[in-house]
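Tertiary structure, described
Next come the chains, spelled out residue by residue.
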Amino acid sequence: MTSVLYDAPGPRAKRRNVLFSVVFFVLLALLLWWIWQTMDDKGQLQWSLWKPFTTSEAWTTYLLPGLADTLKAAALSMVIALPMGAVLGIARMSDHRWVRIPAGAVVEFFRAIPVLLLMLFANEFYVRSTGVPSDERPLYAVVTGLVLYNASVLAEIVRAGILSLPKGQSEAAMAIGLRKSQTMSSILLPQAVTAMLPAIVSQLVVIVKDTALGGVMLGFTELLNTRSTLAANYANVIPSFIVVAVIFIVLNFILTSFASWLEGRLRRSKRSTGAVLGADKVDDVNAAEVGGP
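The following paragraphs examine the structure supplied in this document. (Residues numbered from 1 in each chain as written. Predicted model: local features only at pLDDT ≥ 70, side-chain atom pairs only at ≥ 80, totals over all residues. Heavy atoms only, no water.)

Thoughts on the overall build of the protein
- Along the backbone of the protein there are 11 helices and zero strands.
- For the protein, the succession of helices and strands along the chain, N to C, is α-α-α-α-α-α-α-α-α-α-α.
- Counting all 293 residues of the protein, 34% fall into the buried class.
- Residue pairs at least 24 apart in sequence account for 72% of intrachain contacts in the protein once pairs closer than 6 positions are excluded.
- Surface summary for the protein: the accessible area is close to 18,200 Å², and the carbon and sulfur share equals 67%. (Helix = DSSP H or I, 4+ residues; strand = E, 2+ residues; numbered from the N terminus. Buried < 20%, exposed > 50% of the residue type's maximum accessible area, 1.4 Å probe, protein only. Contact = heavy atoms within 4.5 Å. Areas by Shrake-Rupley, 256 points an atom, 1.4 Å probe, with all protein chains shown as cover.)

Brief notes about a nonpolar patch on the surface
- Taken together, Val18, Leu19, Phe20, Val22, Val23, Val26, Leu27 and Leu30 make up a surface patch of nonpolar side chains, about 740 Å² in accessible area.
- Its place among the elements puts leucine 27 in helix α1 (residues 11-41).
- Using a relative accessible area of 51% as the deciding quantity, one classes leucine 27 as exposed. (Patch = residues over 30% accessible without salt bridge, like charges linked within 9 Å, V, L, I, M, F, W, Y side chains within 5 Å. Salt bridge = Lys/Arg side-chain N within 4 Å of Asp/Glu carboxyl O.)

Quick word on helix α5 (residues 115-129)
- Relative to the 21 Å expected for 15 residues at 1.5 Å per residue, α5 spans 21 Å between its end C-alpha atoms, a close match to the ideal helical length.
- For α5, the complete set of buried residues consists of Val115, Leu118, Met119, Ala122, Asn123 and Tyr126. Buried residues along α5 cover an arc of 135° about the axis, so they all sit on one side. Opposite the buried face of α5, by more than 90 degrees, sit the exposed residues Phe121, Arg128 and Ser129.
- Considering only its buried residues, α5 is in contact with α4 (97-112), α6 (137-163) and α8 (180-217). (Expected span 1.5 Å × (residues − 1). Arc of directions from axis to C-beta.)

Topic: the packing of helix α7 (residues 167-175) against α8
- It is the contact of α7 with α8, at a shortest axis distance of 11 Å, that shows an interaxial angle of 155°. Classified by the angle between their axes, α7 and α8 sit roughly antiparallel to one another. Our pair here, α7 against α8, has a crossing hand that is right-handed. Along the contact surface, α7 presents Gln169, Ser170 and Ala173, while α8 presents Thr183, Ile187, Leu188 and Gln191. (Axes fitted to C-alpha atoms, helices over the stretch in contact; angles between N-to-C directions. Parallel < 35°, antiparallel > 145°, perpendicular 65-115°, else oblique. Left-handed = near helix turned anticlockwise from the far one by under 90°.)

Quick look at the packing of aromatic side chains
- Inspection of every chain in the model, using the stated rule, returns seven aromatic pairs.
- When the centroid spacing of 6.4 Å and the interplanar angle of 55° are considered together, the rings of tryptophan 50 and phenylalanine 53 count as tilted.
- Here phenylalanine 53 falls in the buried class, since its relative accessible area comes to 12%.
- Relative to tyrosine 126, the ring of phenylalanine 125 lies with its centre 5.6 Å away and its plane at 65°, an arrangement referred to as edge-to-face. (Phe/Tyr/Trp six-rings, centres within 6.5 Å; stacked < 30°, edge-to-face > 60°.)

Observations regarding the environment of glutamine 182
- Tracing the sequence through the fold places glutamine 182 in helix α8.
- Taking relative accessible area as the criterion, glutamine 182 reaches 27% and is therefore assigned partly exposed.
- The residues touching glutamine 182, leaving out its near neighbours within four places in the chain, are Gly177 and Ile187.

Printed below as a string of structure tokens:
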């Protein structure tokens, strides 16, 4: 298949692609074999190091509680950051300078600060200025840092998604008398959501992974933090890292798979049948709308 952006590969290109694929898989197999041999030489494949993960104690005492806190912090951050990012993104496109400029300043400010620094600032704020209990303070700090940073990033995603739509969409809405708020809520946002979904999901994956920063610096009992306690008790540092990495991979795979399914469903629901009505059918539709015979 040939298009403006893509030419169908010829026989030589197909052979070259096959050769590159074979070389890649051979190198990948060699890398995996080297990793396996290295771990075996270092004694990291001994059954005694992996056996704890076959017992309920390692999961119910360490991994599952840590996973629950990870999901809790990520879910709270997503629920707060998504609408906040949408509001900031729309505010950045406002016709009123007193709305557009402050929104832009907020987005640029929090987007420029590392999320870990925001968590540390939030933790100090809760320590010095609030009565949040010490056992709940790490969760509050992690969620606050994730919300401030990711809401500013999501605001740019929302703004870019809306601006990517054809200008004729807004002009057509103005032509039929819709206000700007009606145009945004009824026409632009529903169309932009589908285009923005892959970028939004990528940012949600970042939220899930960044919860680990709170465990490292603030003592938040998320998955990576409880892994260190498990590794200290069972003396299986490398296996515990591998198991936690697999858990994160599964979590993010589920999230991206759901997003892909949702994106496909949204696209199918917006797809037109492409049927063309004849003049008699148009007359019947018009008559039905006005209540005629």
